[in-house]
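Report on the structure
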Amino acid sequence: MSEKVIAGKFNDELAEKIPWRTWSDYPDNPIIKPLFGDVVADPTVLNPSESHDGRWHMFLCATWNLIVHMVSDDGINWQPLEHYDWTGFSPFMFKEDGKYYLFYQRMERLTDTCSIACRVSEDLNNWSERHDIIKPELDWENMDLRPTVRNACVMKTPQNKYRLYYSGGVKILDDLGFEEPAYVGMAEADNILGPYVKRPEPILVPHKKDPWRNIGCGGMKVCYLEDQKIYLGFNNGIYSDEQNHSRSAIHMLVSEDGLEWFDVPGNPILSCQPGWKESLVYQLCLVNEKGKLWVYYNCREGWKKGIERIGLAISNEGI
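Quick look at the structure, then. (Residues numbered from 1 in each chain as written. Predicted model: local features only at pLDDT ≥ 70, side-chain atom pairs only at ≥ 80, totals over all residues. Heavy atoms only, no water.)

As for the overall build of the chain
Looking only at helices and strands, one finds 1 helix and 22 strands in the chain. The C-alpha atoms of the chain give 18 Å as radius of gyration, which agrees with the globular expectation for 319 residues (20 Å, within 12%). Along the first, second and third principal axes, the C-alpha atoms of the chain reach 45 × 45 × 45 Å. For the chain, the proportion of its 319 residues judged to be buried stands at 60%. The contacts in the chain between residues at least 6 apart in sequence include a share of 53% that link residues at least 24 apart. Of the accessible surface of the chain, which amounts to about 13,700 Å², a share of 45% is contributed by carbon and sulfur atoms. (Helix = DSSP H or I, 4+ residues; strand = E, 2+ residues; numbered from the N terminus. Rg over C-alpha atoms; globule rule 2.2 N^0.38 Å. Buried < 20%, exposed > 50% of the residue type's maximum accessible area, 1.4 Å probe, protein only. Contact = heavy atoms within 4.5 Å. Areas by Shrake-Rupley, 256 points an atom, 1.4 Å probe, with all protein chains shown as cover.)

Encoded structure:
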């Protein structure tokens, strides 16, 4: 598979359409610490305008296979409400026509593969049986440790197609002791639960000359801005720094078709810093809160013996 640097020049007209260029960390970060053990990760959030009860709702991973439902009155202070032992992680929420669709990564123990599944609810409490969405089938989805598709992001295109962005394949990171995604792919469907048709080749590919994605492409969350007629992507590439430490940072990407992507000038918007986000700044959720974008994100302090927490960054300008 050919390598591709995810960087390039785009015209000034496209550049001027990009909102949310500057960001501030919430001053009391991190906002969520591990509930038990050393890890809390992979947040997906509904704000009051999206929920049925006017509250904030978050689904996240409290361990590598337990999804926890949390609630908040302000999006800052969170309390656990329920947990689901679905052998799943990396949740993503999509709402449409009064129904909540919770996509997540499911570990299939018998085949040692990771697939993407979905459960449906009308009240965020009672959930349907599991719907299987996609499984790893392509060559680039089967790398290093196990066949893997994960990190779902579902959005609706202007053509009323359901577009599923997802990570495929993994790379083992020796200094961390676990794997991170190698590629980002895309699939489309006429119905939200599928069947989804995959593009045969990934849309984001790691490249040794890309300083932010020289190991892998991590995951990506995507939104379409109708007024600007552009797609915005928020991508956490996986890279090795000058000391050969594995790291991750969050970048904004822009695209006119959601397939060919360019780094926005000024990247990364969120990067590693000494302390609670020393090594990795990665999995994230986008929330449009009254025109400003809130990004909930996952950070790791340390490498093999690390602690993971959740932080919040807010755009300094709205649309």
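Regarding the pattern of salt bridges
Taken as a whole and judged by the stated rule, the model has 18 salt bridges. Among the salt bridges present, the one from Glu137 reaches Lys198, with a minimum N-O distance of 3.3 Å. Placement of the pair is Glu137 in the loop between strand E9 (131-134) and strand E10 (142-143) and Lys198 in strand E15 (residues 197-198), with a sequence separation of 61 residues. Among the ionic pairs, Glu308 bridges to Arg300, the shortest N-O distance being 2.8 Å. Residues Glu308 and Arg300 agree in their burial class; the two are buried. Here the salt bridges do not stand alone but share partners, grouping Arg106, Glu108 and Lys135 into one network. (Salt bridge = Lys/Arg side-chain N within 4 Å of Asp/Glu carboxyl O.)

A look at the environment of Leu138
Structurally, Leu138 can be placed in the loop between E9 and E10. Sequence-distant contacts of Leu138, that is, excluding residues within four places in its chain, are made with Lys198, Arg199 and Pro200.

Here we look at the layout of surface pockets
In this structure, the largest pocket spans a volume of roughly 670 Å³. In terms of lining, the largest pocket is formed by 27 residues, of which the most central are Glu50, Val154, Val222, Cys223 and Leu286. The element best represented in the lining of the largest pocket is strand E16 (residues 216-225), accounting for 5 residues. Looking at side-chain class alone, the lining of the largest pocket contains 19 nonpolar, 3 polar and 5 charged residues. (1 Å grid on protein atoms, 1.4 Å probe; cavity = no way out; pocket = protein on both sides within 12 Å on 5 of 7 lines; lining within 4 Å. Points joined across faces, edges and corners; volume = space filled by probe spheres on them. Nonpolar A, V, L, I, M, F, W, Y, C, P; charged D, E, K, R; others polar.)

Remarks on a negative patch on the surface
Residues Glu13, Glu16, Glu256, Asp257 and Glu260 make up a contiguous surface patch of negative charge. Examined against the element boundaries, Asp257 turns out to sit in the loop between strand E18 (246-255) and strand E19 (262-263). Residue classification places Asp257 among the partly exposed positions, given a relative accessible area of 36%. (Patch = residues over 30% accessible without salt bridge, like charges linked within 9 Å, V, L, I, M, F, W, Y side chains within 5 Å. Lys, Arg positive; Asp, Glu negative; His and termini not counted. Charge placed at Lys NZ, Arg CZ, Asp CG, Glu CD.)

A short note on the state of the cysteines
Linking two cysteines covalently through their sulfur atoms gives a disulfide. On inspection of all chains with the given rule, the structure shows 0 disulfides. Cysteine Cys299 is unpaired, with the sulfur of Cys272 as its nearest cysteine sulfur at 7.6 Å. (Disulfide = S-S within 2.5 Å.)

Brief notes about the sheet that holds strand E7 (residues 99-108)
Taken in spatial order, the 4 strands of this open sheet run E6-E7-E8-E9, and their pairing is antiparallel. Lying at the two open borders of the sheet, with one neighbouring strand each, are strand E6 (88-96) and E9. Averaged over all neighbouring strand pairs, the angle between strand axes comes to 30°, with direction disregarded. (Pairing = 2+ DSSP bridges. Axes fitted to C-alpha atoms, helices over the stretch in contact; angles between N-to-C directions.)

With respect to the nonpolar core
The biggest cluster of nonpolar side chains holds 37 residues, and the ones touching the most others in it are Phe103, Tyr165, Tyr196, Met220 and Trp261. If you look at the next biggest cluster of nonpolar residues, it comprises 25 residues, including Leu14, Ile250, Val295 and Cys299. (Core = buried A, V, L, I, M, F, W, Y, C linked by side-chain atoms within 4.5 Å.)

As for the pairing of E18
For E18, a buried count of 10 out of 10 residues is recorded, marking the element as mostly surrounded by other parts of the structure. Side chains of E18 alternate between two faces, with Ser246, Ser248, Ile250, Met252 and Val254 and Arg247, Ala249, His251, Leu253 and Ser255 buried alike. For strand E17 (residues 230-240) and E18, the ladder comprises 10 bridges, and the chain directions are antiparallel. Looking at the pairing, Gly237 lines up with Ala249 of E18.

What to know about the packing of aromatic side chains
Taken as a whole and assessed by the stated rule, the structure comprises 17 aromatic pairs. Judged by centre distance (6.5 Å) and plane angle (25°), the ring pair of Phe59 and Tyr84 falls under stacked. Placement of the pair is Phe59 in strand E3 (residues 56-61) and Tyr84 in strand E5 (residues 78-84), with a sequence separation of 25 residues. Look at Phe94 and Tyr162: their rings are 6.3 Å apart centre to centre, the planes differ by 75°, and that puts the pair in the edge-to-face class. A residue pair is termed long-range when its members are at least 10 positions apart, and Phe94 in strand E6 and Tyr162 in strand E13 (residues 162-173) qualify at 68 residues. One aromatic cluster is present, built from ring pairs that chain together Phe59, Tyr84, Trp86, Tyr104 and Trp127. (Phe/Tyr/Trp six-rings, centres within 6.5 Å; stacked < 30°, edge-to-face > 60°.)

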